[in-house]
Amino acid sequence: MTSYSSSLALMMSILVLRDVSAGNFYQDFDITWGDGRAKILDNGDLLTLSLDKASGSGFQSKNEFLFGKIDMQLKLVPGNSAGTVTAYYLSSQGPTHDEIDFEFLGNLSGDPYILHTNVFSQGKGNREQQFYLWFDPTADFHTYSILWNPQSIIFSVDGTPIREFKNSESIGVPYPKSQPMRIYSSLWNADDWATRGGLVKADWSQAPFTASYRNFNANACVWSSGSSSCSSNSPPSTSSHAWLNEELDRTGQERLKWVQKNYMIYNYCTDAKRFPQGFPPECTINSTS
């Protein structure tokens with residue numbers, strides 16, 4: 001089996017913007033809901049979210065970003081996690097919001113998690129791709145990354161790209177490029193749909209369910225008071241901003257195809273029943289075949 005790291009990930013790992021880098025949960029995030037179910041531990045190095053029958057919990061970043069590479073290590077709810085969803089995403093606000101989603105759909109013990117991805121632009125989503133993972137995401141921490149630049153959005157797991165959403169404005173598809181987004185995460189009860197379409201409900205005797213987070217890192221342009229920290233005084237060609245022009249190299253493209261061939265379980269761009277009048281236009285550009 002091929003190595004899970006890629007040259008893209010290696011290149012990205014050495015790029016550090018002075019604006020934001022490896023962080024501390026106390027400094028970088030606010031717990032926003034859950035009435036004590038979300039906890040920051042280990043002097044700000046660890047954050048846990050928990051869910052019981054009464055409530056889930058969540059947090060959001062203090063900063064807003066307009067483009068960046070965001071890394072977070074997660075260890076998901078172990079055991080019987082059916083009915084639970086752990087969401088980790090970027091989002092702006094309002095009816096025409098932009099959003100870049102990782103959602104982890106729980107399952108019965110021994111059955112695999114489903115990693116659900118989506119991209120919203122100008123309030124329109126319905127761009128779901130779903131994957132199984134090639135490891136147990138509850139046994140240890142793994143790194144889930146979003147690279148968002150003007151050319152494309154790349155979802156990666158442990159440095160391996162699993163999805164690319166290219167800028168398709170040339171064919172009339174809106175692209176997230178003008179609305180700053182915060183990072184959000186939550187653990188919540190979605191047993192009306194999350195596991196086998198809602199057929200399998202949460203087993204509350206197993207509660208509280210807990211997901212853990214560590215090693216947040218953002219090489220990103222912080223948006224504040226109407227301007228970006230990635231100023232024109234530091235052009236994209238400089239090494240600190242190289243991710244602004246990053247694209248998948250040949251190795252990254254091969255890894256992407258490997259994941260999509262072996263681990264993708266749903267792709268809206270191949271769902272003919274859902275789109276009887278023809279697939280969305282971006283599907284021609286985002287195809288890996």
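Owing to the predicted nature of the structure, the values given are computational and were not obtained by experimental measurement.

**Brief notes about helix H3 (residues 250-262)**
Here is step 1: Look at H3: 18 Å from first C-alpha to last across 13 residues, which is about the 18 Å you get at 1.5 Å a residue.
Here is step 2: All of the buried residues along H3 are Gly252, Arg255, Leu256, Trp258, Val259 and Gln260.
Here is step 3: Tucked inside the fold, the buried residues of H3 contact strand S9 (129-131), strand S12 (160-166) and strand S16 (264-267).
Here is step 4: You can read the cap of H3 off the contacts: a side-chain oxygen lies 3.3 Å from the backbone nitrogen of Thr251, and it is on Asp249.

**Observations regarding the pattern of salt bridges**
Here is step 1: Applying the stated criterion to the full structure yields 6 salt bridges.
Here is step 2: Between Arg37 and Asp52 there is a salt bridge, with the nearest N and O atoms lying 3.0 Å from each other. Of this pair, Arg37 sits in the loop between strand S1 (29-33) and strand S2 (39-41) while Asp52 sits in the loop between strand S3 (46-51) and strand S4 (57-61); the two residues are 15 residues apart in sequence, bridging distant segments of the chain.
Here is step 3: Judged by relative accessible area, which is 17%, Arg37 ranks as buried.
Here is step 4: Its salt-bridge partner being Lys69, residue Asp71 comes within 2.7 Å of it at the nearest N-O pair. Across the pair, Lys69 and Asp71 agree in class, each one buried.

Cut-off values and rules
Residues numbered from 1 in each chain as written. Predicted model: local features only at pLDDT ≥ 70, side-chain atom pairs only at ≥ 80, totals over all residues. Heavy atoms only, no water. Helix = DSSP H or I, 4+ residues; strand = E, 2+ residues; numbered from the N terminus. Expected span 1.5 Å × (residues − 1). Buried < 20%, exposed > 50% of the residue type's maximum accessible area, 1.4 Å probe, protein only. Contact = heavy atoms within 4.5 Å. Polar contact = N/O pair within 3.5 Å; in protein donor to acceptor, adjacent residues only side chain to side chain. Salt bridge = Lys/Arg side-chain N within 4 Å of Asp/Glu carboxyl O.

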